[in-house]
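# Survey of secondary and tertiary structure
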Amino acid sequence: MSTAIADSSAASPAKPDRKRMTPWQRLWRDKVARLAFIGLCTLYALAAFADVFTPYGMYFNEPDLANAPPTRIYWQDRSGNYRWPYVFQVERTFDANTFRQTYSEKRDTRYPIKMFFKGEPYKIFGLIPGDIHLFGVDAPARIFILGSDINGRDNFSRLFFGGQKSLTIGFLGLLISFPVGIIYGAVAGFVGGVVDNVMMRIAEAIMSVPTFYLLIGMAAVLPAGMPSWQRFTLITVILSFIGWAGLARIIRGMVLSIREEEFVQAAVASGMSEFKTVLKHVIPQTASFVIVAATLQVPNFILSESGLSFIGLGIQQPDASWGNMLKAALDNVNDLINQPWLIAPGFAIFITILCYNTVGDVLRDVLDPKMQGAS
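The present account deals with the structure reproduced in this document. (Residues numbered from 1 in each chain as written. Predicted model: local features only at pLDDT ≥ 70, side-chain atom pairs only at ≥ 80, totals over all residues. Heavy atoms only, no water.)

## Observations regarding the overall build of the protein chain
What counts is decided by this rule: To qualify as a helix, a DSSP run of H or I must reach at least 4 residues; to qualify as a strand, a run of E must reach at least 2; elements of each kind are numbered from the N terminus. For each residue, the accessible area found with a 1.4 Å probe, counting protein chains only, is set against the maximum for its type, and the residue is called buried under 20%, exposed over 50%, and partly exposed in between. Each accessible area value is a Shrake-Rupley result obtained with a 1.4 Å probe; residue values ignore everything except the protein chains displayed when judging cover.
Check the secondary structure of the protein chain and you find 14 helices and five strands. Residues classed as buried in the protein chain amount to 41% of the 375 residues present. With an accessible surface of roughly 20,800 Å², the protein chain has 64% of that area assigned to carbon and sulfur atoms.

So this is what it looks like as structure tokens:
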């Protein structure tokens, strides 16, 4: 009997020891976090290589097909036989009496969807030239997966190009705000005394600045013809300038307790300078919190940029961002009711924020020392 029990226990696979697993392994073990992480990687890959994955460029437009519905893709011919996917050319007609425009298909010629289609030339990251798109159709037919906007631009393509700005601003904001907030808070907490009081009052003064009104005032001062990339850079800098103060206060509170640890006192007793002690021994102890805070802070930058673009203070047309695409969709409520696909940028924002918050929530549990021994 004991032999049978031993054999059965040997046959069953041993569960991984949670205590010996790395944080990455424990994160990857969570199915929901794994799915969210893969979703984020997919979103960033699609945005980074938008020129390749989309049939048209960001500035492509077909005025004769303004506000066109999504292109209908056919898989069968009239006899019911399956064929390679194809589309028909669409033409617009305008009724002068009702002031309504309708779209109809010209079914005399099929236009097959071609993979690795040679279309508009582009430069990936502004450096690598190319003209091969993942899919496309020959002119005069067009393929609009999510229809077209009021200027006849492909919403599907612009969704990817808009993601470049909406997704990038989060990382650019972190690169500016987090180093400043971490170092500022660590120095204030470690030095203490009058220096700490002065530095914290400065941080509180910055936190009291009304971000929304500051940005409105900035928009009133900026010239109307300012390029979108300059506006994008300015938004990132301003949001980062205001956002570091809150992080600095939290880091300062953590450092107040860390500086009393024996290894920090030993470093000071050995003659190591205060600034070097902060960089080498104090700041690394806040790494767990910083990683989690970063994953939760990126969505705030994305929402801020989208909100600013939505109210007209951010990225301007014809450049695309998820915020100004939503603004264009909501300018006319009737169009939104008849064209629900225009709300796709809002869905993209929702998915991105959900994935970031999911990963951040799991990271918080993985990196929390109190959870290290949990089964």
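## A look at the pattern of salt bridges
Threshold: Here, a salt bridge means any side-chain nitrogen of Lys or Arg that lies within 4 Å of a carboxyl oxygen of Asp or Glu.
According to the stated counting rule, one finds 10 salt bridges in the structure shown. Arg83 is the partner of Asp77 in a salt bridge, and the nearest nitrogen-oxygen pair spans 4.0 Å. Measuring nitrogen to oxygen at the nearest pair gives 4.0 Å for the salt bridge that ties Asp131 to Lys118. A residue pair is termed long-range when its members are at least 10 positions apart, and Asp131 in strand β5 (residues 128-136) and Lys118 in strand β4 (residues 114-124) qualify at 13 residues.

## Details of the nonpolar core
Going by this rule: Working definition of a nonpolar core: buried Ala, Val, Leu, Ile, Met, Phe, Trp, Tyr and Cys residues. They are joined through side-chain atoms within 4.5 Å. Residue contacts follow a heavy-atom distance rule, with two residues in contact if any of their heavy atoms lie within 4.5 Å.
Formed by 76 residues in total, the largest nonpolar core has its most connected members in Val137, Leu159, Phe178 and Leu215. Elements represented by at least two residues in this core include exactly α3 (31-48), α5 (155-191), α7 (211-221), α8 (228-258), α10 (274-282), α11 (287-310), α12 (322-330) and α14 (344-367). Setting aside residues up to four positions removed in sequence, Val137 forms contacts with Tyr56, Val87, Tyr111, Pro112, Ile113, Phe117, Arg142 and Ile143.

## Points about the sheet that holds strand β2 (residues 82-95)
What counts, and what does not: Pairing between strands is defined by DSSP: at least two bridges between them are needed. Geometry is summarised by axes, namely lines fitted to C-alpha atoms with helices restricted to the contacting stretch, and by angles between N-to-C directions that run from 0 to 180 degrees.
With antiparallel pairing, three strands are arranged side by side in an open sheet as β1-β2-β3. Each edge of the open sheet carries a strand with a single partner, namely β1 (74-76) and β3 (100-112). Taking the axes of each pair of neighbouring strands and ignoring which way they run, one obtains an average angle of 40 degrees across the sheet. As paired strands, β2 and β3 are joined by nine bridges and run antiparallel to one another. Counterpart to Tyr86 in the pairing with β3 is Pro112.

## Some thoughts on the layout of surface pockets
Going by this rule: Of the grid points, spaced at 1 Å and generated over the protein atoms alone, those admitting a 1.4 Å probe that cannot get out make up cavities, while open sets with protein on both sides within 12 Å along at least five of seven lines make up pockets; any residue with an atom within 4 Å of a point is treated as lining. Grid points are joined across faces, edges and corners, and a volume is the space filled by probe spheres set on the points. When residues are grouped by polarity, Ala, Val, Leu, Ile, Met, Phe, Trp, Tyr, Cys and Pro land in nonpolar, Asp, Glu, Lys and Arg in charged, and all others, Gly among them, in polar.
A volume near 460 Å³ is recorded for the largest pocket. If you trace the largest pocket, you find 22 residues lining it, with Ala48, Asp51, Phe125, Phe161 and Gln164 closest to the centre. Among the secondary structure elements, those contributing two or more residues to the lining of the largest pocket are α3, β4 and α5. Considering each element in turn, the lining of the largest pocket owes the most residues, six residues, to α5. Broken down by class, the residue content of the lining of the largest pocket amounts to 12 nonpolar, six polar and four charged.

## Some words on the packing of α5 against α10
This is how the line gets drawn: Here a crossing is taken to be left-handed if its near helix is turned anticlockwise relative to the far helix by less than a right angle, and right-handed if that turn runs clockwise.
In the contact formed by α5 and α10, the axes pass within 10 Å of each other and the chain directions differ by 115 degrees. Pair α5 / α10 crosses with right-handed handedness. In this structure, α5 contributes Ile183, Ala186, Val187, Phe190 and Val191 to the contact, and α10 contributes Glu274, Phe275, Thr277, Val278 and Val282. Of the residues belonging to the contact of α5 with α10, the class tally is eight nonpolar, one polar and one charged.

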